[in-house]
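Reading the structure
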Amino acid sequence: MKQLLFTNWHIMRWLRLAFALFLFSQAYTTQEWFFIIFGLFFLFQVVFNLGCGPNACALPTSKKHQDEH
């Protein structure tokens, strides 16, 4: 868990953290508590490093064997 939290920080992970903190602050200042749900969604993505990363949601390309066409 410690390695998951402290490694592989890219720009999208930082942006999700900033957006989650922004949503938490908006929930507090506007008293609109449904913002917390969206903030928790982005915080969950930050903690577990889920979602689109620096590869922009690209799927890994698989190499074909020589006998496949």
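Because the structure is a prediction, the values reported are computed rather than measured. (Residues numbered from 1 in each chain as written. Predicted model: local features only at pLDDT ≥ 70, side-chain atom pairs only at ≥ 80, totals over all residues. Heavy atoms only, no water.)

**Section: the side chain of Arg16**
Relative to the elements of secondary structure, Arg16 occurs in helix α2 (residues 11–30). Buried charged residue Arg16 carries no salt bridge. Nearest counter-charge: Glu32, at 24 Å. At 3.1 Å, the side chain of Arg16 and the side chain of Gln45 are in polar contact. (Helix = DSSP H or I, 4+ residues; strand = E, 2+ residues; numbered from the N terminus. Buried < 20%, exposed > 50% of the residue type's maximum accessible area, 1.4 Å probe, protein only. Lys, Arg positive; Asp, Glu negative; His and termini not counted. Salt bridge = Lys/Arg side-chain N within 4 Å of Asp/Glu carboxyl O. Polar contact = N/O pair within 3.5 Å; in protein donor to acceptor, adjacent residues only side chain to side chain.)

**Description of the side chain of His10**
With respect to the secondary-structure elements, His10 resides in the loop between α1 (2–6) and α2. According to the relative accessible area criterion, His10 is buried, its value standing at 10%. Of the polar contacts made by the side chain of His10, one reaches the side chain of Asn49; its length is 3.5 Å.

**Side note on helix α3 (residues 35–48)**
With 14 residues, α3 extends 20 Å between its outermost C-alpha atoms, agreeing within 8% with the 20 Å of an ideal straight helix rising 1.5 Å per residue. The complete set of buried residues in α3 reads Gly39, Phe42, Gln45 and Val46. Projected onto a plane normal to the axis of α3, the buried residues spread over an arc of 120° and lie on a single side. Turning to α3, the residues buried within the fold contact α2. (Expected span 1.5 Å × (residues − 1). Arc of directions from axis to C-beta. Contact = heavy atoms within 4.5 Å.)

**Focus: a nonpolar patch on the surface**
On the surface, Met1, Leu4, Phe44, Phe48 and Leu50 cluster together to form a nonpolar patch covering roughly 460 Å² of accessible area. With respect to the secondary-structure elements, Leu50 resides in the segment after α3. Using a relative accessible area of 38% as the deciding quantity, one classes Leu50 as partly exposed. (Patch = residues over 30% accessible without salt bridge, like charges linked within 9 Å, V, L, I, M, F, W, Y side chains within 5 Å. Areas by Shrake-Rupley, 256 points an atom, 1.4 Å probe, with all protein chains shown as cover.)

**A closer look at α2**
The first and last C-alpha atoms of α2 sit 28 Å apart over 20 residues, in line with the 28 Å expected at 1.5 Å per residue. Residues of α2 that are buried include every one of Arg13, Arg16, Ala20, Leu23 and Ala27, and no others. Buried residues in α2, looked at end-on, bunch into an arc of 80°, giving them a common side. In α2, the exposed residues that point more than 90 degrees away from the buried face are Ile11, Tyr28 and Thr29. Contacts made by the buried residues of α2 are with α1 and α3. Looking one or two residues past α2, Gln31 carries a phi angle of roughly 60°, positive in sign.

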